[in-house]
Amino acid sequence: MITVGQTVSDSLTITRRNLIKVKRVPDLLVFATLSPIMFVLLFRYVFGSAIPIQGISYAEFLLPGIFAQTVVFGATITGASIAEDLQKGLIDRFRSLPMSRSAVLVGRTFADVGLNVVTIAVMMITGLIVGWRIHTSPLEAVAGVLILLLFAYAMSWVMAYVGLLVRTPEVVNNASFIVIFPLTFIANTFVPTNNFPSVLRVIADWNPVSAVVQAARNLFGNTAPALPVNQAWSLQHPAVYVLIWVVLLLVVFVPLSVRTYQRTASR
Amino acid sequence: MTDAIVVDGLVKRFGATTAVDGVDLTVAEGTVLGLLGPNGAGKTTVVRVLTTLLLPDGGSARVAGLDVVRDADAVRAAIGLTGQYAAVDEYLTGFENLVMVGRLYHLSKKESRQRAGELLERFELTDAAARTAKTYSGGMRRRLDIAASLIARPRVLFLDEPTTGLDPRSRLAMWEFIADLADGGTTILLTTQYLEEADRLADRMVVIDHGRVIARGTGDELKAQVGGQRLEFTVTRAELLVRMAERLRPLAIDEPQIDAQSRRLTVPVRGGAEVLAEALRWLEGQTAEIVDVGLRRPDLDDVFLTLTGHAAESATPATEEPEPVPAGRGGSGR
């Protein structure tokens, strides 16, 4: 039988292996951080020149949105990497070893948390340069980052499942783009939702991404009394709403992915 | 001698297709079994069930005395698997790959490193130990893959087409490594399409086609099953072959085989050199067109042809450049 200790050690071995890849293929990290920097600059100066937000600069409003969008997109790396391991026969090798049945997925999702920490740090520095500020205590700011990382972690498990089903990294990327793009845009990410058409507004308000963004804004202090108040429960209690989603996604997708992994063969 | 592998009535279906249809086989401890068959015969599926990657739909299988379904965890601890495609992490160095697999077999850090060093040396990869596997040639990757499957000193080793896609030189080197392992007492189940490979490495063979065992025995026993000898002619023009086959038909004990591409005619016959002399008399008038004549014992290709009614998929091992395998593109950015 495989013990808990072995599961932890196997997961760390796989995490290490995935992080070595990040070190060996610097392009991966460069592109993972360049595109958020580009987004920050584009939205800050292109949209920011035309979108007035009451009582707060657009940079302050925008940055938590970009953080959320980037980490949600980052989850596709989890799916694509799993699909790549499948394609190259590495999953077969792992499955023939007496290692923990969940370690490959746990190790993968752990490594992607590491990647997200780096990405968020780079975006924060870029944000500080273009006028974004944190107005709260360091503890609250850390809580803001944690909310982002937690939601990203849950999304990683969703994408891990997609990767196991789809089996082709390119398809994982393209397929998830179709879902993740609207998921991060039909939200309060880049503009307030109060002028959305009514149906869209309900979707946006209850979109967990909106809650992630709202929680981050609250915890970084990127809000203003002049901003229109959103009455939706999800945005009144964004942190709680996000945590409910995180638990829900993990409860469904961790067992589902592990089960699928155990039955998956490369061909 | 006990049996390291016992397979009894194994069945595996994929939807409506029955990939393995009641295979029985045993492999005595310390011996090498060659599992032969054309592409799609079910060889890989048998290996996948025995290595716990697939669940069987019927029958049973025991590896190292353990049931592959009920004791799957324990089976995995006792075996090593090298699949059809070199499953090494191309972003890790050779050394890191081996240490990782050692750790996943739950060897200690120290032991993993020590075994990694030993195996790199044994498979002549010491010079490349600190390079990422991405830079390795196909042959080197295969060696690293086999080294990885040996790290925890498995009692039973599964090699699924270990030389497919290798250039002739790497193939010969691989054969030597496998022969060494067998001499060292490791039980090996080896699948191959190359009859020459099985002939050279395996103590016993099991031939499967369409998921069923169609023959078993030692190489000599299988050859004896076919019987007689083979007359072989190579000619200048392929057009001549049909006419020659017709002329020699009275001598043949089975259907003559024509290979137009290599301009070769093979006639199964009984009797020694006299048959050859007689055949040449029968071909009088055409001998000027014959560039090569020979009398030989049947080889496994002939066995295969006789048993399955069709030739082995690639009787001549495919030759590929010893370049790194272009196994998909690296990187998995968004």
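Residues numbered from 1 in each chain as written. Chains lettered and ligands numbered in written order. Predicted model: local features only at pLDDT ≥ 70, side-chain atom pairs only at ≥ 80, totals over all residues.

Attention now goes to the overall build of chain B. If you tally the helices and strands in chain B, you get 11 helices and 14 strands. Each principal axis of the C-alpha distribution contributes one length, and for chain B these read about 75 × 45 × 45 Å. When each of the 334 residues of chain B is scored for burial, the buried share is 46%. For chain B, long-range pairs separated by at least 24 residues make up 68% of all intrachain contacts whose partners lie at least 6 apart in sequence. (Helix = DSSP H or I, 4+ residues; strand = E, 2+ residues; numbered from the N terminus. Buried ≥ 20, exposed ≤ 12 C-beta atoms within 10 Å, placed from the backbone. Contact = placed C-beta atoms within 7 Å.)

If you tally the helices and strands in chain A, you get 11 helices and zero strands. Counted from the first residue to the last, chain A has its helices and strands arranged as α-α-α-α-α-α-α-α-α-α-α. Taken against the 2.2 N^0.38 rule, which gives 18 Å for 267 residues, the C-alpha radius of gyration of chain A at 19 Å falls within 12% of a compact globule. With respect to the principal axes defined by its C-alpha atoms, chain A has extents near 60 × 35 × 35 Å. (Rg over C-alpha atoms; globule rule 2.2 N^0.38 Å.)

Residues and elements named next belong to chain A. Direction vectors running N to C along helix α2 (residues 26-47) and helix α5 (residues 103-129) enclose 35 degrees, while the axes themselves pass 9 Å from each other. Handedness of the crossing formed by α2 with α5: right-handed. In contact with Leu-29, Ala-32, Thr-33, Pro-36, Ile-37 and Val-40 of α2, α5 contributes Leu-115, Val-118, Thr-119, Val-122, Met-123, Thr-126 and Gly-127. Classifying every residue of the contact of α2 with α5 gives nine nonpolar, four polar and no charged. (Axes fitted to C-alpha atoms, helices over the stretch in contact; angles between N-to-C directions. Left-handed = near helix turned anticlockwise from the far one by under 90°. Nonpolar A, V, L, I, M, F, W, Y, C, P; charged D, E, K, R; others polar.)

For the rest of this paragraph, the subject is the interface of chain B and chain A. On the chain A side, the residues contacting the 30 residues of chain B number 34 residues. Listed by contribution, the elements that provide at least two residues to the side of chain B that touches chain A are α2 (72-78) and α3 (94-104) of chain B. The element that contributes the greatest number of residues to the side of chain B that touches chain A is α3 of chain B, accounting for five residues. Taken together, the residues of the side of chain B that touches chain A break down into 13 nonpolar, 10 polar and seven charged.

Right, let's talk about the sheet that holds strand β4 (residues 58-63) of chain B for a bit. Residues and elements named next belong to chain B. With antiparallel pairing, four strands are arranged side by side in an open sheet as β2-β1-β4-β5. Every interior strand has two partners, whereas the edge strands, β2 (17-28) and β5 (66-67), have only one. Here β4 runs beside β5; their pairing, made up of two bridges, is antiparallel. Directly across from Arg-62, in β5, lies its bridge partner Asp-67. Helix-sheet contacts for helix α1 (residues 43-50) involve β1 (3-14), β2 and β4, and the interaxial angle to β1 is about 115 degrees. (Pairing = 2+ DSSP bridges.)

The subject of this paragraph is the environment of Thr-18 of chain B. Residue and element names in this part refer to chain B. Checked against the element boundaries, Thr-18 lands in strand β2. Given 18 C-beta atoms within a 10 Å radius, Thr-18 is considered partly exposed. Sequence separation between Thr-18 and Asp-57 is 39 residues, and the spatial gap between their C-alpha atoms is 9.7 Å. When residues no more than four places from it in sequence are discounted, the contact partners of Thr-18 are Val-11, Arg-13 and Gly-211.

Before going further, it helps to examine the packing of helix α9 (residues 208-220) of chain A against helix α11 (residues 238-263) of chain A. Residue and element names in this part refer to chain A. At a minimum axis distance of 8 Å, the contact between α9 and α11 shows a crossing angle of 135 degrees. When the axes of α9 and α11 are compared, the pair comes out oblique. The hand of the α9/α11 crossing is left-handed. Taken together, the residues of α11 that come into contact with α9 (itself represented by Pro-208, Ala-211, Val-212, Gln-214, Ala-215 and Asn-218) are Pro-238, Ala-239, Tyr-241, Val-242 and Trp-245. (Parallel < 35°, antiparallel > 145°, perpendicular 65-115°, else oblique.)

Taken domain by domain, chain B consists of domain 1 (3-223) and domain 2 (228-297). Taking only C-alpha atoms, the centre of domain 1 of chain B and the centre of domain 2 of chain B are 40 Å apart. (Domains from an automatic or database assignment.)

Once that is clear, we can look at the sheet that holds strand β7 (residues 156-160) of chain B. Residues and elements named next belong to chain B. Spatially, β6-β7-β8-β3-β9-β10 is the arrangement adopted by the six strands of the open sheet, whose pairing is mixed. Because the sheet does not close on itself, it has two edges, and the strands there are β6 (79-82) and β10 (212-217). On average, adjacent strands in this sheet sit at an angle of 15 degrees to one another, irrespective of strand direction. Pairing analysis gives five bridges linking strand β9 (residues 204-209) to β10, with the strands arranged antiparallel. Within the sheet, the bridge partner assigned to Val-207 lies in β10 and is Ala-215.

As a further point, take the pairing of strand β11 (residues 229-235) of chain B. All names here are of chain B. Among the seven residues that make up β11, five are buried, leaving the element largely enclosed by the rest of the structure. For β11 and strand β13 (residues 264-269), the ladder comprises six bridges, and the chain directions are antiparallel. Among the inter-strand pairings, Arg-230 is bridged to a residue of β13, identified as Pro-268. Two strands pair when backbone bridges link them, and β11 and strand β14 (residues 290-296) are joined in this way by six bridges, in the antiparallel orientation.

So, about unusual backbone geometry. Residue and element names in this part refer to chain B. Of note in this structure, Thr-52 is not a glycine but carries a positive phi near 70 degrees. Turning to its location among the elements, Thr-52 is positioned in the loop between α1 and β4. Looking at Thr-52, the number of C-beta atoms within 10 Å reads 24, which means it is buried.

This paragraph deals with α2 of chain A. Since the α-helix advances by 3.6 residues per turn, residues separated by three or four positions end up pointing in the same direction. All names here are of chain A. Taking 1.5 Å as the rise per residue, α2 with 22 residues should run 32 Å; its terminal C-alpha atoms sit 31 Å apart, in good agreement. Residues of α2 that are buried: Leu-28, Ala-32, Pro-36, Val-40, Phe-43 and Arg-44. On an axial view of α2, the arc spanned by its buried residues comes to 125 degrees, and they lie on one face. Of the residues in α2, the exposed ones pointing more than 90 degrees away from the buried face are Pro-26, Asp-27, Val-30, Leu-34, Met-38, Leu-42, Tyr-45 and Val-46. On the buried face of α2, the contacting elements are α1 (4-24), α3 (58-87) and α5. (Expected span 1.5 Å × (residues − 1). Arc of directions from axis to C-beta.)

Our focus in this paragraph is the confidence of the model for chain A. Of all residues in chain A, 99% have pLDDT values of 70 or greater, and the mean over the chain is 92. Here α2 of chain A stands out as the least confident element of chain A, with mean pLDDT 86; α9 of chain A is the most confident, with 97. (pLDDT = per-residue confidence, 0-100.)

Moving on, we get to the nonpolar core. The biggest cluster of nonpolar side chains holds 101 residues, and the ones touching the most others in it are Leu-148, Phe-151, Val-212 and Ala-216 of chain A together with Leu-98 of chain B. With 17 residues, α3 of chain A is the single largest residue contributor to this core. Among all residues touching Leu-148 of chain A, those that are not within four sequence positions of it are Phe-67, Ala-68, Val-71, Ile-120, Val-212 and Ala-216 of chain A. Ranked by size, the runner-up nonpolar core spans 54 residues in total, among them Ala-19, Leu-33, Val-75 and Phe-158 of chain B. (Core = buried A, V, L, I, M, F, W, Y, C linked by C-beta atoms within 7 Å.)

Residues and elements named next belong to chain B. Confidence in the prediction for chain B averages 86 pLDDT; 92% of positions are at 70 or higher. When the criterion is pLDDT under 50, residues 313-334 qualifies, and its contacts beyond four places in sequence or with other chains add up to 53 contacts. Among the prediction metrics, the complex's ipTM stands at 0.88, with pTM recorded as 0.84.

The next point concerns the pairing of β2 of chain B. Residue and element names in this part refer to chain B. Two elements, β1 and β2, share nine bridges in a ladder whose sense is antiparallel. When the sheet's bridge partners are listed, Phe-14 is paired in β2 with Thr-17. Between the end of β1 and the start of β2, which pair antiparallel, lie two residues, with Gly-15 showing a positive phi angle near 60 degrees.

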